[in-house]
Amino acid sequence: MATPGIFRNVNIIKELNPASSNQIIELYQPGWLNSLDIVANAKYSGFITCLRLTIDISSINELEPVASDILADDETITANGKATFQGNQKKCLSFYMRTNDIPLIKVVDIYLFNQRPYYYVDVLKYFTSSSTLDIAPDTQICVQVRDVGNGLLQNNDRVFLLGTVIEESPIYDQSVLNVE
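Residues numbered from 1 in each chain as written. Predicted model: local features only at pLDDT ≥ 70, side-chain atom pairs only at ≥ 80, totals over all residues. Heavy atoms only, no water.

J.: Can you walk me through the overall build of the protein in this structure?
T.: The helix and strand tally for the protein stands at two helices and nine strands. Ordered by position from N to C terminus, the α and β elements of the protein give β-β-β-α-β-β-β-β-β-β-α. Within the protein, buried positions represent 36% of all 180 residues. Put simply, 76% of the contacts in the protein that link residues at least 6 apart link residues at least 24 apart. For the protein, the exposed area adds up to about 10600 Å²; of that, 50% sits on carbon and sulfur atoms. (Helix = DSSP H or I, 4+ residues; strand = E, 2+ residues; numbered from the N terminus. Buried < 20%, exposed > 50% of the residue type's maximum accessible area, 1.4 Å probe, protein only. Contact = heavy atoms within 4.5 Å. Areas by Shrake-Rupley, 256 points an atom, 1.4 Å probe, with all protein chains shown as cover.)

Listed below in structure tokens is the structure:
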């Protein structure tokens, strides 16, 4: 028999804008059940099933990609990709993780470009190769806007972080499940 548990769905919704400056912001940490839930003060772990960015950056020049011919060899395509990255203005969003025992560790830098009108980036694939990211109860995912030569978010720049999480808290007391 499977261990019974309490499950809930949680959304991750954060907006980063010029007011976010370059502070480290907690994006997600599994929560506590509140005192009115089935079991008071139980601790959750989380299974992030979706995490993506919606990027709307207008304070830098619009992205100008270096095009590759459809029949170009791999070296040419790689060189054109590097030229596109290096030749365009960008901003940076850094993701970190930490636990109660481990300080902030950088997971990934995601560079933000001005692609009109806006675009999406799937962030989950930078944390794991599977379809969910399992987060222990004491783990936090944090995010920070960093200056990489073009300033922080300015004017009407906005980055939305949107995600879904299934949180689980095990129940070990069978009498709790026998609610009448």
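J.: For this particular structure, what's the right way to read the nonpolar core?
T.: The nonpolar side chains of a soluble globular protein tend to be buried with one another. Ranked by size, the top nonpolar core spans 31 residues in total, and within it Leu16, Ile48, Leu53, Leu93, Phe95, Leu112 and Val159 carry the most contacts. Broken down by element, the residue count for this core peaks at four residues, all from strand E3 (residues 45-56). If near-sequence neighbours (up to four positions away) are discounted, Val159 is found in contact with Lys14, Glu15, Leu16, Leu53, Thr54, Ile55, Ile57, Leu93, Leu112 and Leu153. (Core = buried A, V, L, I, M, F, W, Y, C linked by side-chain atoms within 4.5 Å.)

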